[in-house]
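Each chain is listed here by its residues.
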Amino acid sequence: FALSVRGSEGLYMVNGPPSFTESTAFQRDSGKNCKAVAFSKDGSLFTWCNGEKVNIVNVTNGELLRSFDLPKAVCLEISPKNNVLATWQAYTTAKDGTAGAPNLMLHDVKTGKCLKSFIQKKMHHWCPCWADDESICARNVNNEVHFFENNNFNTIANKLHLQKVNDFVLSPGAQPTKVAVYVPGSKGAPSFVRLYQYPNFNGPQSAIANKSFFKADKVTMLWNKKATAVLVIASTEVDKTGASYYGEQTLHYIATNGESAVVQLPKNGPIYDVVWSPNSVEFCAVYGFMPAKATVFNLKCDPVFDFGTGPRNAAFYSPHGHILVLAGFGNLRGQMEVWDVKNYKLISKPVASDSTYFAWCPDGEHIVTATCAPRLRVSNGYKIWHYTGSLLHSYEVPSNEEMWQVFWQPFLDGVFPARAVKYQAVPSELPSTETKPAQAYRPPALRNKPVTSSKLHEDEPPQNMKPPGSSDKPLSKTALKNQRKHEAKKAAKQEAKADANHEPTQPPASQHAPRSTVPAVTSGDPEVDKKIKNLKKKLKAIEQLKEQAAAGKQLEKNQLEKIQKENALLQELEDLELGL
């Protein structure tokens with residue numbers, strides 16, 4: 001199998017492990033204008049646009065199958081059964097303002113003829129979606145979904161029309177195809193996701209499942225492999241509470257049997273990533289303010305295993321589902337945790353710093369991480385690892401060059417058999433990549449003194465590594481709700497207590513006076529009452545300053561002066577209260 005590499009050095013393929021040499025079957029395209037590349041789903045065909053033509057080759061022998069005159073193409077895709085090549089280029093209107101030429105083309109791979117062309121203005125969701133057997137193809141046109149059958153694009157076989165379909169996803173796998181559609185809420189009405197079975201689209205009763213929710217500016221819908229359920233990540237652009245600049249996310253579960261639920265996440269904060277296990281009965285979510293939590297849930301949306309907290313924002317199941325990698329890329333340092341899913345044991349903790357890309361190799365044994373432009377312009381290159389933590393191959397482009405994209409040649413399921421999980425690091429000819437962690441800056445005065453650990457927050461260990469005595473079992477949804485209620489009640493009680501105890505300490509003479517912020521015994525003179533209230537307020541402030549001083553806080557000059565006035569204020573208060 002091969003790894004495709006695109007960058008300023010051109011487009012070429014690298015043979016996978018163990019050789020890592022450049023593939024001789026694929027002739028390197030040295031042009032610097034390669035804008036788009038794509039493999040077919042089974043990995044047998046490869047297509048790219050080099051700024052002059054769109055070419056399709058047979059990956060095994062490098063034979064050129066087709067070439068199309070489409071110099072401006074920037075997006076390419078091959079349909080699941082290799083029958084249709086879809087290309088997209090930016091839409092332009094004519095100079096006189098009349099409609100431009102169609103910019104989405106569908107070509108027959110075998111004959112090269114154009115089957116159909118459409119006007120598709122937005123690059124977002126540009127490509128039509130096919131069912132895996134190509135019996136259906138669908139695209140979103142003006143808020144409704146148009147369905148074509150058997151690649152006949154001249155006849156719309158079916159339409160799914162709701163008030164405003166913003167997005168849709170077809171289910172993977174065999175027939176019958178199911179469709180998940182998202183309709184955003186408007187004017188106080190909630191957003192909703194509905195599941196339909198093709199072609200039953202008539203009336204709201206024809207939906208096989210429905211879930212409505214508020215707080216959604218956009219959604220991501222994820223089908224599991226067996227097409228029995230969809231996970232919906234609903235997110236708002238802005239978090240109204242001001243707690244996060246990532247906006248606010250919620251996770252919903254919808255099954256084709258009509259069941260639906262909100263997935264209760266035990267930690268507040270953003271949802272960074274959600275992935276289905278290839279077994280279709282579990283999913284992993286990475287969520288919560290840093291250090292983020294990661295948890296595996298079952299189809300009842302109950303937690304199965306809690307990985308504790310750590311510096312991570314992404315999760316990747318291996319193709320066979322037996323290994324899970326939790327990683328922290330982007331603004332995190334590239335730490336990876338490789339877990340054996342069956343036994344929930346940690347296999348390795350490699351570090352791929354500055355990575356902008358991660359992908360499992362279809363063999364379920366190897367991983368590629370890469371640093372690509374334009375996300376990062378320096379130290380571009382890729383690394384190939386074994387999941388046991390060994391770095392097997394590393395390539396960095398010369399300093400004046402850039403790498404734009406790397407990705408594995410895909411294979412259909414079942415081509416590579418699942419193998420037993422190894423824990424021992426496989427041998428590698430490259431030296432170990434373990435870098436010494438950067439030491440925290442210490443001012444000169446502290447450099448010869450013993451280091452005191454001052455972590456901003458302690459990471460919570462995975463549930464099977466917690467010290468004995470702490471509760472091992474992740475909480476069920478109801479237990480979680482009850483725990484939250486209990487915590488809220490506890491906090492409210494403590495606040496009430498704190499309020500009651502926060503009165504300034506009064507001299508014994510006024511002991512009989514009721515301890516409340518507003519004196520219950522009034523003098524009948526509102527002026528005197530006002531003075532008493534103000535004095536109590538000042539004494540309370542002095543009490544707080546004294547507490548701060550006791551905690552080691554450096555007080556300002558005017559704050560110290562305030563504290564010195566305490567006795568005089570107490571005397572004044574006593575006189576006023578005795579005068580009642």
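In this text, all values refer to a predicted model and were calculated from it rather than measured experimentally. (Residues numbered from 1 in each chain as written. Predicted model: local features only at pLDDT ≥ 70, side-chain atom pairs only at ≥ 80, totals over all residues. Heavy atoms only, no water.)

Draft legend 1. Spatial organisation of the sheet that holds strand β35 (residues 403-408). Taken in spatial order, the three strands line up as β2-β1-β35 in an open sheet, and their pairing is antiparallel. Because the sheet does not close on itself, it has two edges, and the strands there are β2 (10-15) and β35. Averaged over neighbouring strand pairs, the angle between their axes works out to 20 degrees when direction is ignored. Across five bridges, the pairing between strand β1 (residues 2-7) and β35 is antiparallel. For Ser4, the partnering residue across the bridge sits in β35 and is Phe407. (Pairing = 2+ DSSP bridges. Helix = DSSP H or I, 4+ residues; strand = E, 2+ residues; numbered from the N terminus. Axes fitted to C-alpha atoms, helices over the stretch in contact; angles between N-to-C directions.)

Draft legend 2. Structural context of the packing of aromatic side chains. Applying the stated criterion across every chain yields a total of 22 aromatic pairs. Consider the rings of Phe307 and Trp339, whose centres lie 4.9 Å apart with planes at 65 degrees: the pair is edge-to-face. Here Phe307 is found in strand β26 (residues 303-310), whereas its partner Trp339 is found in strand β29 (residues 336-340), with 32 residues between them in sequence. Like Trp339, Phe307 is buried. Taken together, the ring pairs in this structure connect Phe26, Phe39, Phe46, Trp48 and Phe407 into an aromatic cluster. Above the plane of the ring of Phe192 lies Arg194, whose end atom (NZ or CZ) is 4.1 Å from the centre. Directly above the ring of Tyr423 sits Lys345, whose terminal nitrogen or CZ lies 5.2 Å from the centroid. (Phe/Tyr/Trp six-rings, centres within 6.5 Å; stacked < 30°, edge-to-face > 60°. Buried < 20%, exposed > 50% of the residue type's maximum accessible area, 1.4 Å probe, protein only. Lys NZ or Arg CZ within 6 Å of the ring centre and 35° of its normal.)

Draft legend 3. The confidence of the model for the protein chain, seen in detail. Chain-level statistics for the protein chain give a pLDDT mean of 82 and a share of 86% at 70 or above. For residues 503-520, every residue scores under 50 in pLDDT, and the model assigns this stretch 19 contacts once sequence neighbours within four places are set aside. (pLDDT = per-residue confidence, 0-100. Contact = heavy atoms within 4.5 Å.)

Draft legend 4. Broad picture of the pattern of salt bridges. What the rule picks out here adds up to twelve salt bridges. Here Lys225 ties to Asp413 by a salt bridge, and the two come within 3.0 Å at their closest N and O atoms. Of this pair, Lys225 sits in the loop between β19 (218-223) and β20 (229-236) while Asp413 sits in the loop between β35 and α1 (477-501), and the two are 188 residues apart along the sequence. Among the residues examined, Asp413 registers a relative accessible area of 61% and is labelled exposed. Here the residues in one salt-bridge network are Lys293, Asp306 and Glu460, joined through shared partners. (Salt bridge = Lys/Arg side-chain N within 4 Å of Asp/Glu carboxyl O.)

Draft legend 5. Representation of the side chain of Asp29 within the structure. Considering the arrangement of structural elements, one finds Asp29 in the loop between β2 and β3 (36-39). Within the buried core, Asp29 has no salt-bridge partner, and the shortest N-O distance to an opposite charge, that of Arg28, equals 9.2 Å. A polar atom in the side chain of Asp29 sits 3.1 Å from the side chain of Asn50. Not counting residues up to four positions away in its chain, the partners in contact with Asp29 are Gly10, Leu11, Trp48 and Asn50. (Lys, Arg positive; Asp, Glu negative; His and termini not counted. Polar contact = N/O pair within 3.5 Å; in protein donor to acceptor, adjacent residues only side chain to side chain.)

Draft legend 6. Structural detail: the packing of helix α2 (residues 526-550) against helix α3 (residues 557-564). Packing of α2 against α3 leaves a shortest axis separation of 9 Å and a crossing angle of 120 degrees. By the angle between their directions, the pair α2 and α3 is classed as oblique. For the pair α2 and α3, the sense of crossing is left-handed. Where α2 abuts α3, its residues Ile542, Leu545 and Lys546 lie against Gln559, Lys562 and Ile563. Of the residues contributing to the contact of α2 with α3, the split by class is three nonpolar, one polar and two charged. (Parallel < 35°, antiparallel > 145°, perpendicular 65-115°, else oblique. Left-handed = near helix turned anticlockwise from the far one by under 90°. Nonpolar A, V, L, I, M, F, W, Y, C, P; charged D, E, K, R; others polar.)

Draft legend 7. A look at the pairing of strand β10 (residues 114-118). Of the strand pairs in this sheet, strand β9 (residues 104-108) and β10 are connected by four bridges, and their pairing is antiparallel. Note that in β10 the partner of Leu104 across the bridge is Phe118. The turn linking β9 back onto β10 is made up of five residues, and Gly112 within it adopts a positive phi angle of 85 degrees.

Draft legend 8. Local environment of the sheet that holds strand β14 (residues 158-161). Pairing is antiparallel across the open sheet formed by four strands, whose spatial order is β11-β12-β13-β14. Only two strands of the sheet have a single partner each, and these edge strands are β11 (129-130) and β14.

Draft legend 9. Structural view of the pairing of β29. By the criterion of burial, β29 is predominantly enclosed, with five of the five residues buried. Residue alternation in β29 divides its side chains into two sets, Met336, Val338 and Asp340 and Glu337 and Trp339, and both sets are buried. For strand β28 (residues 323-327) and β29, the ladder comprises five bridges, and the chain directions are antiparallel. Along β29, the bridge assignment pairs Leu324 with Trp339. Note that β29 and strand β30 (residues 345-348) share three bridges and pair antiparallel.

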